[in-house]
Amino acid sequence: MKVVRPIVITDASLVSSDVPETDHPAWAAGTTYALGAKVILASTHRRYESLVGANTGFNPATNPTKWVDLGPTNRWAMFDNRVGTETSRADSLTVELSPGSVDTLALIDTVAESATVTMTVDATVVYEGERSFMTSGVAINNWFAYFFEPIGMKTVALFLDLPVYPEAVVKVEVFGGGATDTVSVGGLIIGKTAELGSTEQGVDIGIVDYSRKVTDDFGVTTVVERNWSKRMTARSLILTDQVDAAQRLLASLRAQPVLWIGEEAFESMTIFGFYKDFSIDVAFPSVSYCSLTVEGLT
């Protein structure tokens with residue numbers, strides 16, 4: 001079981017991005033905005049819509065009665081540590097980060113064919129990695145693959161072997177199948193991994209469905225489709241002398257969304273969210289068991 005604690009991407013750590021931040025015009029204090037006008041605010045990298053007419057001089061970030069927050073801009077949606085917002089671009093997208101000391105990068109809720117990660121230190125490449133989002137693990141880039149490889153697509157790519165360099169620049173490139181395709185990344189999670197023992201067999205996985213199903217007195221059922229989230233209940237084997245460290249780690253994560261990796265070979269066991277409950281069974285002098293239930297964000 002691995003836990004990735006994401007770092008917050010800021011203006012200082014986002015070195016470059018080829019995704020333009022031109023969703024709407026930038027807000028200007030001297031401009032009068034009509035009801036329904038949309039703007040972006042450079043200081044927050046978020047989009048806002050005017051709730052009133054003749055809207056002048058009211059900063060969208062601090063005046064919720066004048067403006068409604070529509071969410072992050074397209075460029076920054078992949079960095080907001082939330083599920084349901086995504087950064088998209090035609091054909092491919094590229095970002096460069098200066099995140100400090102990290103050892104793990106994950107792309108979640110992604111629609112693409114492949115991704116590459118390159119880490120450089122003082123212009124010297126110290127790491128190169130490539131992942132395919134095809135279920136076969138092979139990108140569809142030739143006629144043989146087109147006709148004979150499985151077409152199923154994954155939405156998660158994990159890079160768990162980044163070397164730790166405090167001054168490194170990490171370049172992430174996500175590719176689609178061509179210029180007419182749109183690639184999107186729901187979340188770019190980068191940070192340090194903490195080990196929480198070895199996940200045992202018998203992991204219980206599923207989803208939590210927030211859809212509403214109501215049947216009236218005449219037997220007519222109305223279904224309102226809503227979001228869903230992943231769910232996982234697992235038990236990991238930990239060393240008994242690491243019990244206190246495991247409890248401290250989980251206590252420190254009690255109100256933080258983090259990336260949980262039950263087993264990297266299974267996309268269904270990679271969940272960005274919270275643990276709902278955990279317990280540690282100090283079973284033997286040398287080994288103990290940690291059980292927890294994780295529920296993803298919607």
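Preceding this section is the structure that the text describes.
Residues numbered from 1 in each chain as written. Predicted model: local features only at pLDDT ≥ 70, side-chain atom pairs only at ≥ 80, totals over all residues. Heavy atoms only, no water.

A separate point is the side chain of serine 114. Its place among the elements puts serine 114 in strand E11 (residues 114-121). Overall, the relative accessible area of 11% leaves serine 114 in the buried class. With residues up to four places along the chain from it excluded, the contact list for serine 114 reads Glu130, Arg131, Ser132, Phe133, Glu173, Val174 and Phe175. (Helix = DSSP H or I, 4+ residues; strand = E, 2+ residues; numbered from the N terminus. Buried < 20%, exposed > 50% of the residue type's maximum accessible area, 1.4 Å probe, protein only. Contact = heavy atoms within 4.5 Å.)

What follows deals with the sheet that holds strand E4 (residues 38-41). Spatially, E4-E5-E7 is the arrangement adopted by the three strands of the open sheet, whose pairing is antiparallel. Edge positions in the sheet fall to E4 and strand E7 (67-72), since each has one partner strand and no second. In this sheet, adjacent strand axes meet at a mean angle of 30° when their direction is disregarded. (Pairing = 2+ DSSP bridges. Axes fitted to C-alpha atoms, helices over the stretch in contact; angles between N-to-C directions.)

The next point concerns the pairing of strand E19 (residues 221-224). Pairing analysis gives four bridges linking strand E18 (residues 212-215) to E19, with the strands arranged antiparallel. The partner of arginine 212 across the bridge, within E19, is valine 224. Here E18 folds back onto E19, and the loop between the two strands holds five residues, one of which, glycine 219, carries a positive phi near 85°.

Checked against the element boundaries, threonine 240 lands in the loop between strand E20 (228-239) and helix H2 (243-252). A relative accessible area of 19% means that threonine 240 is categorised as buried. Among the polar contacts made by the side chain of threonine 240, one reaches the main-chain amide nitrogen of valine 287 at a distance of 3.1 Å. Side-chain polar atoms of threonine 240 contact the side chain of serine 288, separated by 2.9 Å. (Polar contact = N/O pair within 3.5 Å; in protein donor to acceptor, adjacent residues only side chain to side chain.)

It is worth spelling out the environment of methionine 78 at this point. By the secondary structure assignment, methionine 78 is in the loop between E7 and strand E8 (87-90). Each C-alpha atom of the pair methionine 78 and threonine 221 lies 37 Å from the other, and the pair is 143 residues apart in sequence. Filtering out sequence-adjacent residues up to four positions away, methionine 78 remains in contact with Thr87, Leu93, Val95, Val185, Gly186, Gly187 and Leu188.

Turning to H2, a few remarks are in order. All buried positions along H2 are accounted for by Val243, Ala246, Leu249 and Leu250. Buried residues along H2 cover an arc of 125° about the axis, so they all sit on one side. Set apart from the buried face of H2 by more than 90 degrees, the exposed residues are Asp244 and Arg248. At its buried positions, H2 is contacted by strand E1 (2-6), strand E15 (182-195), E20, strand E21 (258-261), strand E22 (270-281) and strand E23 (287-296). (Arc of directions from axis to C-beta.)

By the alternation rule, side chains of E21 split into Val258 and Trp260 and Leu259 and Ile261, which are all buried. Judged from the three bridges that link them, E1 and E21 form a sheet pairing that is antiparallel. Looking across to E21, one finds that lysine 2 is bridged to isoleucine 261. Pairing of E21 with E22 involves four bridges; the strand directions are antiparallel.

For asparagine 81, which is not glycine, the phi torsion reads 55° and is therefore positive. If you trace the backbone, asparagine 81 turns up in the loop between E7 and E8. Located in the positive-phi region is aspartate 91, a residue other than glycine, with phi close to 75°. When you line up the elements, aspartate 91 lands in the loop between E8 and strand E9 (92-97).

Let us now look at the packing of aromatic side chains. The final tally for this structure, using the stated rule, is four aromatic pairs. Aromatic side chains tryptophan 76 and phenylalanine 79 sit 5.8 Å apart centroid to centroid with 70° between the ring planes, which places their arrangement in the edge-to-face category. For the residue pair tryptophan 76 and phenylalanine 79, the accessibility class agrees, reading buried in each case. Taking the centre distance of 6.0 Å and the plane angle of 90° together, the rings of tryptophan 260 and tyrosine 275 count as edge-to-face. Of this pair, tryptophan 260 sits in strand E21 while tyrosine 275 sits in strand E22, and the two are 15 residues apart along the sequence. For tyrosine 275, a relative accessible area of 12% puts it in the buried group. Clustering of aromatic rings is evident, with ring pairs tying together Trp260, Tyr275 and Phe278. Lying across the ring of phenylalanine 58, lysine 66 places its NZ or CZ 4.7 Å from the centre. Lying over the aromatic face of tyrosine 289, arginine 235 brings its terminal NZ or CZ to 3.9 Å of the ring centre. (Phe/Tyr/Trp six-rings, centres within 6.5 Å; stacked < 30°, edge-to-face > 60°. Lys NZ or Arg CZ within 6 Å of the ring centre and 35° of its normal.)

What follows concerns the sheet that holds E9. Taken together, the five strands give an open sheet; going across it, the order is E2-E9-E14-E11-E12, and neighbouring strands pair in antiparallel fashion. Bordering the open sheet on either side are strand E2 (14-17) and strand E12 (124-132), each of which pairs with just one other strand. Along the sheet, successive strands turn relative to each other by an average axial angle of 15°, direction set aside. One ladder, built from three bridges, connects E2 with E9; its direction is antiparallel. Bridge pairing in E9 links leucine 14 to leucine 97.

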